[in-house]
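A closer look at the structure
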Amino acid sequence: MISSGHPLVAVGWSLPNAERYALQYTDGRQTYITELNRGEIKNGSILRLTTSPDQEAERLYGGIQSNNVDVKTDSLKKLASLSQDVTFAQEFINRNGLKQIFYIVEEGNDTGEILAHTLKAFMELMEHDFVSWETLSAAFIKKIVSYVNMNAMDASVQQLSMSILENMVPSSRVLFELVKKEVTVDRLLTHLQVTNAQLQLKAMALLIALLLAATDAERRVWGGGQHWGTNIIHSSEPLGDEMAHYLYVLQSVSLNLHERRMRTSVDPYSQEQRELLQSLRQSAFESESDAPAGTFSTERRRSLCAKEFRKLGFMNNSNPAEDLRRAPPGLLALDNMVYFSRHTPSAYSRFVLENSSREDKHECPFARSSIQLTLILCEILHVGEPCSETAQAFYPMFFGQDHFFEELFCICIQLVNKTWKEMRATQEDFDKVLQVVREQITRTLSLKPTSLELFKTRVNALNYSEILKLRQTERLHQEETLAVPVLELRERLKPELLELIRQQRLLRLCEGTLFRKISSRRRQDKLWYCRLSPNHKVLHYGDVEEGVHSPPIESLPEKIPVADMKALLVGKECPHTKEKSSGKQNKDVLELAFSIVYDVEEYCLNFVAPTRYEVSSRGYRRARPCQGGLSKGGPLSALPDLELDTKE
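Residues numbered from 1 in each chain as written. Predicted model: local features only at pLDDT ≥ 70, side-chain atom pairs only at ≥ 80, totals over all residues. Heavy atoms only, no water.

Once that is clear, we can look at the overall build of the protein. When you go through the protein residue by residue, the secondary structure sums to 28 helices and 9 strands. Across the 648 residues in the protein, those meeting the buried criterion constitute 47%. Across the protein, every contact between residues at least 6 apart in sequence was considered, and the portion connecting residues at least 24 apart equals 66%. Carbon and sulfur atoms form 51% of the exposed surface of the protein, whose accessible area is close to 32700 Å². (Helix = DSSP H or I, 4+ residues; strand = E, 2+ residues; numbered from the N terminus. Buried < 20%, exposed > 50% of the residue type's maximum accessible area, 1.4 Å probe, protein only. Contact = heavy atoms within 4.5 Å. Areas by Shrake-Rupley, 256 points an atom, 1.4 Å probe, with all protein chains shown as cover.)

Shown next as C-alpha cells:
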C-alpha cells in the first residue's frame, strides 16, 4: 500500500538500480504509475513493484524474435496485454518494435495463436496514435488483406485483420482505395453468411467503414448497401446492439443518397426537367394538346396544357415548375411522381382521372399531395440527417428492397387518395388530410413490418375511422389520468410511490449496466460494466468481454466510494462531450452522456448510455451537485434520480 502523498522514489525500499523498477496497479488494466499519472492514485490503491516499462519493452522485443516457439508465443501474448498501457507502448515503439511486428506478418509463415497475438498487439499499439496508419507498407497491408480473403483461416485472425482494415479505411483516401480494391464487397458479404457472430460483426464493421468513406457515386454502385443486411435480418439469431447500430447506419447512408435531389430546386431552364413534367401530363391524358402541329393555335395549345396541369393538382398550372421551387423536397418530389407514373401507370391514371371527375373543391390534388408527402417521408425517415453514433432504429422492410423510397412513396400516395375520400375532404382540408396520413405512416412503421407488402396491408387497414378511435382512446386515457380525483389520489400516494421508485432504481443500480466505449473512429468493440455494491456504499466498474451480461461484482476491479462523489454532470457539461467539441456535435450523444465527479481532485467517470431508455431526460433535469455521502441530499439519492433503467 502507498499513499499518494509520497514521492515515487521514497517508498522506503533500498533497491539497487531502482530505475529498472516501476509501480503498477494490481487491478484493472494494470497501468504503470508515472510522474504524469501519479496524481490519479487514490489512497488505499493496491500497487505492486514490477519491471519498469523500458526494461519490459526491451525483454519482450527480444522475446518476439526468439526461435523458441513457446518463448515467442508467450512474449507476443504478454506484448498484446501490456500494449494497452500508453507508457509501455511508447517504450516499445521507440525501440522500433513495430518494425519487428511488421516482419513477423510480412515475412513469417506463422498462423494461429502466434499470428493472432501479433495482430492483437499491433492493434493495441496503433490505438495510442503514436504512428500514422498511412505509414504502413503495401506488403503489410496485402498480407492483412490475404487473411481476410482466405477461405481456410483461423477466425480470430480474420476478425483482427478486418478490425485493422476497418481502422485503415477512414485514415486516408489512398488506404480506402487500396482496401476497396483488394477486399471486394462480395468477399465480405460471404463473411456475413457464416454462423460465427463475431466474424459477422467484424465483416459488417468493415463494410460500414468502406461505405462511410465512399463517395455518393461509389455508394450508388453498391446500391447504398441496402442488400448487405438481408441475410442478417432473416437470421433466426437475435441481433446484438452493435449489429443493430450497423444496420441503422446502412439504412441511413442509403436513404441519404436522396439528399442531393431533395435539396435541389427545379431549374426553369432545364430541358430534362421540363420533359419530365410534360411526361406526367402525357401519361395521364390522351390530350388534344398533343395533336399534330397546325391543328391548334399556340394559344389554344397552351390553354389545354394549363388545364391538364391543373387537373394534375399543380397550383401554378401555367408554369408547374414553380410548385417545385421549394427545397426540400425539391426535385425528389418530381422523381417520385415520375416513378409512380412509369412503374404503376394504372394506379397513376386512376388517381388522376378519378379526381378529375370530382367537383373542383373535392378533388385530391395529385401534384400538391406528392410534394407534401415527399417532404413528410423525408422527415419520418430522417433523409439528409447525419448518422447518429449510438442509434439502433432501423426498418426490416428496408433491406433487400430495390428503390425503397420510391416504392414506399407509391404506396403512400395511394393512401393519401384513399384517406381523402374517407374524410370527404375539400381543398380547405388538405393539411388535415396530410396530418392523418403522417400519423397512419408513423403508426404503421412503429410495428416494424418486415416487407413493403406487409406495410401496405397494415397501413391501408389503419383507415381514418381507426385513427379517430385511437385518438379518442388516447384522449380518454389522458383525461382520466388528469381527472381531479386521480390527481388527489396521486398526491396522497406520492411519498410512498417515490420511495418505491427510489428502491427500484437502487436495485437497478445494484444489477448494473453494460456500456460501450465509443472512440473517434466509431469503434464500439470495447465493453465495460458498472454496478453499485449491495450495501450502496461503493460503485464498482471495469472492462468486460463480449457476451458477458452480468459479471460478478468481484470481477470489476475499479471502485469509487459513494461518499467521494461530488456531482452528476449531463449533456454538454460532461468532459467527454467537451473533448469532441472540435467536430460536429452529435445530438444523440449529448442526450445520452453523463458523468460522475468524485474525490477531492474532482476526477470524472464518464458514461454514454446505451439508449434513451437507460437514462431519461427527466433524470438529467434532476442531476445536481451531491453533498455528504449517504445523506438525503447526497449521491445515493442523486444516482437513482438519473433513472438508470426506465425500460418500457
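The 4 strands lie next to each other as E3-E4-E5-E6, forming an open sheet whose pairing is antiparallel. The sheet is open, and its two borders are formed by strand E3 (513-517) and strand E6 (558-561), each paired with just one other strand. Going across the sheet, the axis of each strand differs from the next one's by a mean of 25°, ignoring polarity. Pairing of strand E5 (residues 538-544) with E6, which is carried by 4 bridges, proceeds in the antiparallel orientation. From the neighbouring strand, Leu539 faces E6, where its bridge partner is Ile560. Lying over the sheet, helix H24 (residues 484-511) contacts E3 and strand E4 (526-532), oriented at roughly 135° with respect to E4. (Pairing = 2+ DSSP bridges. Axes fitted to C-alpha atoms, helices over the stretch in contact; angles between N-to-C directions.)

Let's shift gears to the sheet that holds strand E8 (residues 593-598). As summarised here, the arrangement of the 3 strands in space is E7-E8-E9, forming an open sheet in which the pairing is antiparallel. The two strands at the open ends of the sheet, each matched to only one other strand, are strand E7 (565-570) and strand E9 (603-608). Across the sheet, the mean angle separating the axes of adjacent strands is 20° when strand polarity is ignored. Bridging between E8 and E9 involves 6 bridges; their strand directions are antiparallel. Across the sheet, the residue bridging to Ala593 is Val608, located in E9.

What follows concerns the environment of Arg263. With respect to the secondary-structure elements, Arg263 resides in the loop between helix H14 (259-262) and helix H15 (271-284). Accessibility expressed as a relative area gives 46% for Arg263, which makes it partly exposed. Taking the C-alpha atoms as reference, Arg263 lies 5.7 Å from Gly330; in sequence the two are 67 residues apart. Contact partners of Arg263, with chain neighbours within four places excluded, come to Ala327 and Gly384. One polar contact links Arg263 to Glu259, side chain to side chain, over a distance of 2.9 Å. (Polar contact = N/O pair within 3.5 Å; in protein donor to acceptor, adjacent residues only side chain to side chain.)

Turning our attention to the side chain of Gln100. Mapped onto the secondary structure, Gln100 falls in helix H4 (residues 97-106). In this structure, Gln100 is in contact with Tyr61, Ile64 and Gln65, ignoring residues within four places of it in sequence.

A few words now on the environment of Phe176. The topology assignment puts Phe176 in helix H8 (residues 173-182). Using a relative accessible area of 1% as the deciding quantity, one classes Phe176 as buried. With 33 residues separating them in the primary sequence, Phe176 and Ala209 have C-alpha atoms 9.1 Å apart. Apart from the residues within four sequence positions on either side, Phe176 is in contact with Val169, Leu210, Ala213, Ala214, Glu218 and Trp222.

Let's shift gears to the packing of helix H10 (residues 197-213) against helix H13 (residues 241-255). The geometry of H10 relative to H13 is characterised by a closest axis approach of 10 Å and an angle of 25° between their N-to-C directions. The angle between H10 and H13 falls in the class roughly parallel. Judged by the twist between their axes, the crossing of H10 over H13 is left-handed. Of the residues in H13, those touching H10 at Gln200, Leu201, Met204, Ala205, Ile208, Leu211 and Leu212 are Glu242, Met243, Tyr246, Leu247, Val249, Leu250 and Val253. (Parallel < 35°, antiparallel > 145°, perpendicular 65-115°, else oblique. Left-handed = near helix turned anticlockwise from the far one by under 90°.)

With that settled, consider the pattern of salt bridges. Counting across every chain of the model gives 26 salt bridges. As a salt-bridge pair, Glu363 and Arg310 come within 3.6 Å of each other at their nearest N and O atoms. Of this pair, Glu363 sits in the loop between helix H18 (345-356) and helix H19 (366-380) while Arg310 sits in helix H16 (residues 298-311), and the two are 53 residues apart along the sequence. Overall, Arg310 belongs to the partly exposed group, its relative accessible area being 31%. The closest approach of N and O atoms between Arg508 and Glu511, which form a salt bridge, is 3.6 Å. Here Glu511 and Arg508 lie together in helix H24, a separation of 3 residues that amounts to about one turn. What makes Arg508 buried here is its relative accessible area of 10%. (Salt bridge = Lys/Arg side-chain N within 4 Å of Asp/Glu carboxyl O.)

The next subject is the confidence of the model for the protein. Here the protein averages 85 in pLDDT, while 88% of its residues score no lower than 70. Note on residues 1-7: pLDDT under 50 across the span, and 13 contacts to partners over four residues away in sequence or across chains. In the model, residues 616-648 has pLDDT below 50 throughout and makes 89 contacts with residues more than four positions away in sequence or in other chains. (pLDDT = per-residue confidence, 0-100.)

Applying the stated criterion across every chain, the model contains 23 aromatic pairs. Summarising the aromatic geometry, the rings of Phe88 and Phe92 are spaced 6.1 Å apart at their centres and angled 20° between planes, so their arrangement reads as stacked. Here Phe92 and Phe88 lie together in helix H3 (residues 86-94), a separation of 4 residues that amounts to about one turn. Like Phe88, the residue Phe92 is buried in the burial classification. Members of the aromatic cluster, each reached through a chain of ring pairs, are Phe515, Trp528, Tyr541, Phe594 and Phe607. Just above the ring of Phe394 sits the side chain of Lys448; from NZ or CZ to the centre is 5.9 Å. (Phe/Tyr/Trp six-rings, centres within 6.5 Å; stacked < 30°, edge-to-face > 60°. Lys NZ or Arg CZ within 6 Å of the ring centre and 35° of its normal.)

The end-to-end C-alpha separation of H18 is 16 Å, in line with the 16 Å expected for 12 residues at 1.5 Å each. Inspection of H18 places Ala347, Tyr348, Phe351, Val352 and Asn355 among the buried residues, and these make up the whole buried set. All buried residues of H18 lie within an arc of 125° about the axis, which places them on one face of the element. The inward-facing, buried residues of H18 abut H15, H16, helix H17 (331-343), H19 and helix H20 (404-422). (Expected span 1.5 Å × (residues − 1). Arc of directions from axis to C-beta.)

The next point concerns the packing of helix H5 (residues 112-126) against helix H7 (residues 155-168). Put simply, H5 and H7 touch, their axes get as near as 9 Å, and they point 25° apart. Comparing the axis directions of H5 and H7 gives the class roughly parallel. H7 is crossed by H5, and the crossing has left-handed handedness. Contacts from Gly112, Leu115, Ala116, Leu119, Lys120, Phe122 and Met123 of H5 reach H7 at Ser156, Val157, Leu160, Ser161, Ser163, Ile164 and Asn167. Partitioning the contact of H5 with H7 into residue classes produces 8 nonpolar, 5 polar and 1 charged. (Nonpolar A, V, L, I, M, F, W, Y, C, P; charged D, E, K, R; others polar.)

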